[in-house]
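# Structural features, examined
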Amino acid sequence: MALPDRDHPSWRGLPAWATEFRPQQIEAVEQILEHYRAGVDVVLLDAPTGTGKTLIAEMVRAQLDTAGLYVCSTKTLQDQFARDFAAAVLKGRANYPTEHGPESVTADDCTGKTCVWCTDATTCPYQGAKAAFTVSPIGCTNTAYLLGQVNNTRPDRAVTFGRGLVTIDECDELEGVLVGQAGLNVSPWAMKQYGLRPVKKGAHVPTLVRWLADSSLEVKQWATIHVKRYGRDVEGMRKVKRALRLADEMRFVAHDMDDEPDEWVRDYSDRDKDRLILKPVRVGRYAQDKLWRHGERWLCMSATILNPQQWADDVGLDDGQWRYVTVPMGFHVDNRPIVVSSLADMGRNGAGTYEDRVRKIASGIETVLDKHDGANTLVHTVSYALARDITAALTGRTVSGRGAWDGKMRTGDRRTVRVQTYLSGDGRDDAVAQFAAHGGVLVASSLERGVDLIGDLCRVIVVAKVPFPNMGDRRTSARMRLPGGRSWYATQTARSLVQMTGRGVRSHDDWATTYIFDGQFPKFWKQWRQLLPKWWRDAVEVRRATEFT
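For the structure given in this document, a descriptive report is provided here. (Residues numbered from 1 in each chain as written. Predicted model: local features only at pLDDT ≥ 70, side-chain atom pairs only at ≥ 80, totals over all residues. Heavy atoms only, no water.)

### What about the sheet that holds strand β8 (residues 276-280)?
Operational definition: At least two bridges found by DSSP between two strands are what make those strands a pair. The helix count covers DSSP runs of H or I at least four residues long, the strand count covers runs of E at least two residues long, and both are numbered beginning at the N terminus. Throughout, an axis means a line fitted to C-alpha atoms (over the contacting stretch in the case of helices), and angles, computed between N-to-C directions, take values from 0 to 180 degrees. The contact rule is simple, with two residues in contact once any of their heavy atoms fall within 4.5 Å.
The three strands lie next to each other as β6-β8-β7, forming an open sheet whose pairing is antiparallel. Looking along the sheet, the strands with just one partner apiece sit at the ends: β6 (184-186) and β7 (264-267). Going from strand to strand, the sheet's axes swing by 15° on average, the running direction of each strand aside. Looking at chain direction, β7 and β8 are connected through four bridges and run antiparallel. Bridging across to β8, Arg266 finds its partner in Leu278. Sheet strands in contact with helix α8 (residues 205-230) are β6, β7 and β8, and its direction is about 110° off that of β8. Relative to β7, helix α15 (residues 474-481) is tilted by about 145°, and along the sheet it contacts β7 and β8.

### Looking at the pattern of salt bridges
A side chain with one charge may pair with a side chain of the opposite charge, provided their charged atoms come close. Which entries qualify depends on this criterion: A side-chain nitrogen of Lys or Arg and a carboxyl oxygen of Asp or Glu constitute a salt bridge if their distance falls within 4 Å. Each residue's exposure class comes from its accessible area (1.4 Å probe, protein chains only) as a fraction of the maximum for that residue type: buried when under 20%, exposed when over 50%, partly exposed otherwise.
Applying the stated rule across the entire model yields 31 salt bridges. One salt bridge in this structure joins Asp356 and Arg359, with 2.3 Å as the shortest N-O distance. Pair noted here: Asp356 and Arg359 are both in helix α12 (residues 354-371), with a separation of three residues, about one helical turn. For Arg359, a relative accessible area of 48% puts it in the partly exposed group. Sharing partners across several salt bridges, the network here consists of Glu170, Asp172, Glu173 and Arg449.

### Points about the pairing of strand β5 (residues 165-168)
Burial along β5 is two-sided: Leu165 and Thr167 facing one way and Val166 and Ile168 facing the other are all buried. Pairing geometry for strand β2 (residues 68-72) and β5, over four bridges, is parallel. Directly across from Tyr70, in β5, lies its bridge partner Thr167. When β5 meets strand β9 (residues 298-302), the two strands line up parallel, connected through three bridges. Bridging from a neighbouring strand, Val166 pairs with Trp298 of β9.

Spelled out as C-alpha cells, the structure:
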C-alpha cells in the first residue's frame, strides 16, 4: 500500500518544515506499517545519522492516526524534539519549580494533597505539565522518567502513558538503562545514615538476601520516624523520599536474588570499599513486565542496533514479537573515510611499555594535525587515565586534578594548538564547551554519544583505543560467560566504535576523517567485521604505521 502525497490530510500534525519526504524515508515507513498490520508489536528501525529517523517515526504515527509517545535518552534531546515537533514535554518532578516555594524548592518536594508550595493542583507547574502531556497527541519524556513512573509510582499517582505508538530513541542503550533500573548501589554514606552494617566482601547470596531484607525494614523504619521529625523541612523530606526509594529497591533485589541467585553479581568500587553494588546479569527476563506491557505498539530506533537478534534477546523480546527495518546511509563515503593504522596495541598485554605505546599514539596525533593543518580534532579514549596520559604526552606537562583541564602543544610545523581534556565527569560539559568555542584538540573519555560536532567544530577523529567493555566490571564478565556472551561483547564494542566515528559527520555536506590507531582493531576487524554496518566497512582503508611516525 503506497503512502499518500505530502498534501494529504492524513499527514496533519507534521511540522511545516517537513515539506517533502526522501525515498528512503517513505520505504521505511511502508515497511514499518506493514509489520504492524501483520500483528507485530515491536519494530526495530536501524537508521544512520542524517536519515531523519525522528521524522520517520512521526510519519508512522500520522498514518496510524494515533497519539504518540516519544522517549529520549536525555532531557536535552527532549527539548530538541519538542522544538522540532511541537510535543508536550514531561520530565521528572525535580525539573519544575513550585508556585510559592523558594528557588531551591521543586515539585519533587511536594508535601501531598495539601501541598504547602502551591495553592492546588491546578497551579502546580508539574501538575500543569502532566495535564498538558496527558491530552497532547504527541508526548515526549525520557527513559528514566518513563521507567520510574510505570514501575516505582503508586498506580493512582502514575502518569498515563497509554499511547497507540511508543517510540524509543537510542534504543541500543535500553539494556543498560534497564540494568540501572533494576540494580542497587548503597553508598557508605547511606549505610551510616540508616545505621546499617556494611556487608563483608565475598558474602554469599543467602547472606546478601538476608541483609537486604532486614536493611529494607530498617530503612523504612528510619523514614517513618523522620517523616514526622522533619515536618516541612525540605532537605529533610528529600532524605525521607530517598530512604523510601532505597527500601523499595532493596526489597525488589532481595526477592529476585532469592529466586534467581545466579542472575546477580556483586561488584566493587575502587574508592569505597564499603559500598554495596549489585547488578542483574540479564534484564530481558523481566523487561516484559517493566517495559513492554506498558505500550501497544513500539518503534525502537538507533543508528547502531547492528545485531537485531542479540538486541531482542537482551531486552526480552520473543522471536515473533519484533521485526527489523534498515535505512541506508545517505552520506557519501568520501566524506567519512576511516583510516586504520596500527601504531600501538593498547591492550593490557600489548608489546612494549605502556609509556612507549602512549607516546606512539601521541606522535600519530601530532602527524594527523600536520596533515590536516591543525583542524579541530576529537581524540576518543576509553578512560580518564588514558585521556590524562595522552594529554600529558601531547603537551609535555603533568596533567592532574579533576574536572576540565587545558594546555597547549606544538605541532611539527611549529603551530601552537590548544589541548583540552577532562579528568572526571563533572568536567565534561566545560571541556566540550571550550573545545566548541576555541577549537584545537579534545582528548575525551566516553564521548561517543551526546555531542554533535557539526562542520568545522570537528574535522578529525582519532580512536586511541578500541572501546571494548571493561572486563573488570563483574556484570560484563558474568555476561561474557553466558551462552552468546562473546557475540554480546563484540556487539557492544562495535556499537561504541560506530558511535565514536560518527561525532563529526552530521549532515550530507559535512565531512570528517577518522583515524583508528589501536593495534587491537585489526584483530577485531578480522573476527567481527560483519557486525559493523556495510556503509561503515566501505569507508575503511588501511595505511602503514610509518606514515604516522
